[in-house]
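Structural overview for review
Residues per chain, in single letters:
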Amino acid sequence: MTVLEMGFAERSTFPANLLMGAPVLQNWLFPHGEGSLSSNVGAADLAYQRWFRFKEAYSPRLVMEALQENSRPVGRCIDPTGGSGTTALVCSFLGIDCDTVEVNPFMADLIAAKTRRYDTGALSADIAAVLGGRPKDGGLARYAHAPSTLIEPGDGGRWVFNAPVAAQIGAFADAIDLAREEHRPFLRVMLGSVLRDVSNVVVNGKGRKYRRGWDKRVVTGGHVVDAMRGACNAGYSDIVRFSNRLQGDVRVHHGDARVETADLPEADCAIFSPPYPNSFDYTDIYNLELWMLGYLRSGQDNRKLRLATMHSHVQLNREGREPAGSSPEFLRALEAVEESRSQLWHRGIPSMLRSYFADMEGIIADLAERIRPGGLITVIVGGSSYAGIGVDAPKIIAELGQDMGLDLVRHSPLRAMRLSAQQGGQFGLSEDAVVFAC
């Protein structure tokens, strides 16, 4: 039974800080219903979560369950791979302080925007000022160093944004740069949330593809204005609706989780979902937002960001390493993948797997130093498959954690995931919760 399902009498022994925030949290989660703890289906339409569609997010209820599982009161939580900020947002609703690390600057702004305290009058004024921004002569100058395919006339007769659309996006981005510093993350997120709808592409799987009939599709600067106004109105209404909620202090540390985690303050628990070892390059998946909002200004910026991410993809040749601890499941999977090297879609996959689990081992070891005795580390992670060979990431992480001396509290499945279309598309992978006690 969760805190959301308890009656008042049953809640009397639950940590006081969670009880104080539970009614407002329940009001926030009510439209989501029960659903899957792991899946974000339904939860994507909740206040704050609807600001940007993040396919990989998990349910806020999963964070609530993980917090409840701790036997001691939770005053501070760590999320070393912040993503869409679900852990930080739930903690904020419950008055729990949270330190979260996020390497993608757009996603870092998304977390900050969701969890910040606002003066709604000042925010309204900045929204109005930004919505008044219109293109000027040379309005595309800020995109001079962007990839050639990004803006009309593009390259090879293809482009992602029509020139009037890009000019209006640039005008809004320029206006955001003049807004109050504390409001810029929110405004950038609102603008980022409309980019895909006004573009000529859809983001699908590991990349993007052009819409059918994109060259005949009419999208103008006016469409950008209307979409931005709608996004700002929805985001602002969420902030006003929950303006009186508890708000824990959320600190967003922008950087590489493999470096930043060791320097975080002590906490009572950690709840996180790292990138999965599935060769997704999230720098590519979110590069429309990164380029159009000004986070990237050059190809070197893009490469620097990729180098600061975990080894969950093969788009860069990087020096690899292996986990120091023992995991029989890791050795089994790696040997099988290497024996099937000729069937792999990329020769760097074995090296990626070695380095990925070394990265995970390091992050968990750093967390074990930061979590107070008796606190829990909850890892939400899914497996992957290459050339028909399953890589059971949850089991490997469980074994590595135990090898470093952590107590495995539980290892339980959350949902089944589909294989890639190239491998049949059927359900063949598992997403699990792996929980350690420090």
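Our subject is the structure that appears above.
Cut-offs and rules
Along each chain, the written sequence defines residue order, and numbers are assigned to residues from 1. The predicted nature of this model means local features are confined to residues of pLDDT at least 70 and side-chain atom pairs, given and counted, to a pLDDT of 80 or more, with totals for whole chains, interfaces and linings taken over all residues. Excluded from the side-chain calculation are hydrogens and water; included are all heavy atoms of the structure. Numbering goes from the N terminus for both helices and strands, where a helix is a DSSP run of H or I of at least four residues and a strand is a run of E of at least two. Only protein chains enter the accessibility calculation, which uses a 1.4 Å probe; a residue whose area is less than 20% of its type maximum is buried, one above 50% is exposed, and one in between is partly exposed. Contacts are residue-level and defined by heavy atoms, with any inter-residue pair within 4.5 Å sufficient. All accessibility values rest on the Shrake-Rupley procedure with a 1.4 Å probe; residue burial counts only the protein chains present in the view. Any pair of Phe, Tyr and Trp rings, taking the six-membered ring for Trp, is counted once the centres come within 6.5 Å. Such a pair is stacked with planes under 30 degrees apart, edge-to-face with planes over 60 apart, and tilted for the rest. Residues belong to a common nonpolar core when they are buried Ala, Val, Leu, Ile, Met, Phe, Trp, Tyr or Cys residues joined through side-chain atoms within 4.5 Å. Between the N-to-C directions of two axes lies an angle of 0 to 180 degrees, each axis being a line fitted to C-alpha atoms and, for a helix, fitted only over the stretch in contact. We call two directions roughly parallel when the angle between them is under 35 degrees, roughly antiparallel when it is over 145, roughly perpendicular when it lies between 65 and 115, and oblique otherwise. Handedness of a crossing is defined here by the sense of rotation of the near helix relative to the far one, left-handed for an anticlockwise turn of less than a right angle and right-handed for a clockwise turn. The salt bridge criterion pairs a side-chain nitrogen of Lys or Arg with a carboxyl oxygen of Asp or Glu, the two atoms within 4 Å.

What follows deals with the overall build of the protein. Within the protein one finds 15 helices and eleven strands. The buried share among the 438 residues of the protein stands at 56%. By sequence separation, contacts in the protein at least 24 residues apart represent 73% of the contacts at least 6 residues apart. With the model as given, the accessible surface of the protein reaches about 18300 Å², and the carbon-plus-sulfur share is 50%.

Let's shift gears to unusual backbone geometry. Glycine aside, residues mostly have negative phi angles, and peptide bonds mostly take the trans form. Cis peptide bonds are those with omega within 30 degrees of zero, and the linkage from Glu-152 to Pro-153 qualifies with 15°. If you trace the backbone, Pro-153 turns up in the loop between helix 5 (120-131) and helix 6 (163-177). Positive phi, normally seen in glycine, also occurs at Tyr-48, with a value near 75°. Within the secondary structure, Tyr-48 sits in the loop between helix 1 (16-29) and helix 2 (60-69). The phi dihedral of Ala-387 falls on the positive side, at around 55°, and the residue is not glycine.

What follows covers the packing of aromatic side chains. Inspection of the entire model under this criterion finds 14 aromatic pairs. Between Phe-52 and Phe-106, the aromatic rings sit 5.0 Å apart at their centres with planes inclined by 75°, giving edge-to-face as the arrangement. Separated by 54 residues along the polypeptide, Phe-52 in the loop between helix 1 and helix 2 and Phe-106 in helix 4 (residues 105-115) bring together distant segments of the chain. Residue Phe-52 is classed as buried on the basis of its relative accessible area, which comes to 5%. Taking 5.7 Å as the distance between ring centres and 65° as the angle between the ring planes, the aromatic pair formed by Phe-330 and Phe-357 counts as edge-to-face.

This part is about the nonpolar core. Among soluble globular proteins, nonpolar side chains are generally buried collectively. Counting residues in hydrophobic clusters, the biggest one holds 125 residues, and the most contacted among them are Trp-28, Leu-67, Phe-161, Ile-169, Phe-186 and Phe-357. Per element, the largest residue contribution to this core is nine residues, and it comes from helix 14 (residues 349-370). Ignoring any residue separated from it by four or fewer positions in sequence, one finds Phe-161 in contact with Leu-150, Ile-151, Glu-152, Ala-166, Ile-169, Leu-195, Val-198, Ser-199, Asn-200, Leu-288 and Met-292.

Before going further, it helps to examine the packing of helix 3 (residues 86-93) against helix 4. One can describe the packing of helix 3 onto helix 4 by two numbers: an axis separation of 9 Å at closest approach and a directional angle of 15°. As summarised for this structure, helix 3 and helix 4 are arranged roughly parallel, according to the angle between their axes. Relative to helix 4, helix 3 is oriented so that their crossing is right-handed. Residues Ala-88, Leu-89 and Ser-92 of helix 3 touch helix 4, and the partners they reach there are Ile-111, Lys-114 and Thr-115.

Count 3.6 residues to each turn of an α-helix, and residues three or four apart come out pointing the same way. Burial of helix 3 is extensive: eight of the eight residues sit out of reach of the surface. Listing the buried residues of helix 3 in full gives Thr-86, Thr-87, Ala-88, Leu-89, Val-90, Cys-91, Ser-92 and Phe-93. Following helix 3 by one or two positions, Gly-95 adopts a phi angle in the positive range, close to 75°.

It is worth spelling out the environment of Ala-141 at this point. Along the chain, Ala-141 turns up in the loop between helix 5 and helix 6. You can call Ala-141 exposed: its relative accessible area is 55%. Distance in space between the C-alpha atoms of Ala-141 and Gly-170 is 8.7 Å, their sequence separation being 29 residues.

In this fold, Ser-340 is placed in the loop between helix 13 (328-339) and helix 14. For Ser-340, a relative accessible area of 13% corresponds to the buried category. Excluding its chain neighbours within four sequence positions, the residues that come into contact with Ser-340 are Ala-387 and Ile-389.

Within this structure, the stated rule accounts for 27 salt bridges. For Arg-196, the salt bridge is made with Glu-289, and the minimal N-O distance between the two is 3.1 Å. With Arg-196 in the loop between helix 7 (184-192) and strand 3 (201-204) and Glu-289 in helix 11 (residues 287-292), this residue pair connects regions lying 93 residues apart in the sequence. Assessed through its relative accessible area of 0%, Glu-289 is described here as buried. Between Asp-268 and Arg-372 there is a salt bridge, and its shortest N-O distance comes to 2.9 Å. On the criterion of sequence distance, the pair formed by Asp-268 in strand 6 (residues 267-272) and Arg-372 in strand 7 (residues 371-382) is long-range, its members being 104 residues apart. The class of Asp-268 is buried, set by a relative accessible area of 5%. Judged by its relative accessible area of 27%, Arg-372 is partly exposed. Sharing partners across several salt bridges, the network here consists of Asp-109, Arg-142, Asp-174, Asp-177 and Arg-188.

So, to be careful, I would describe these as geometric facts and stop short of saying anything about function.
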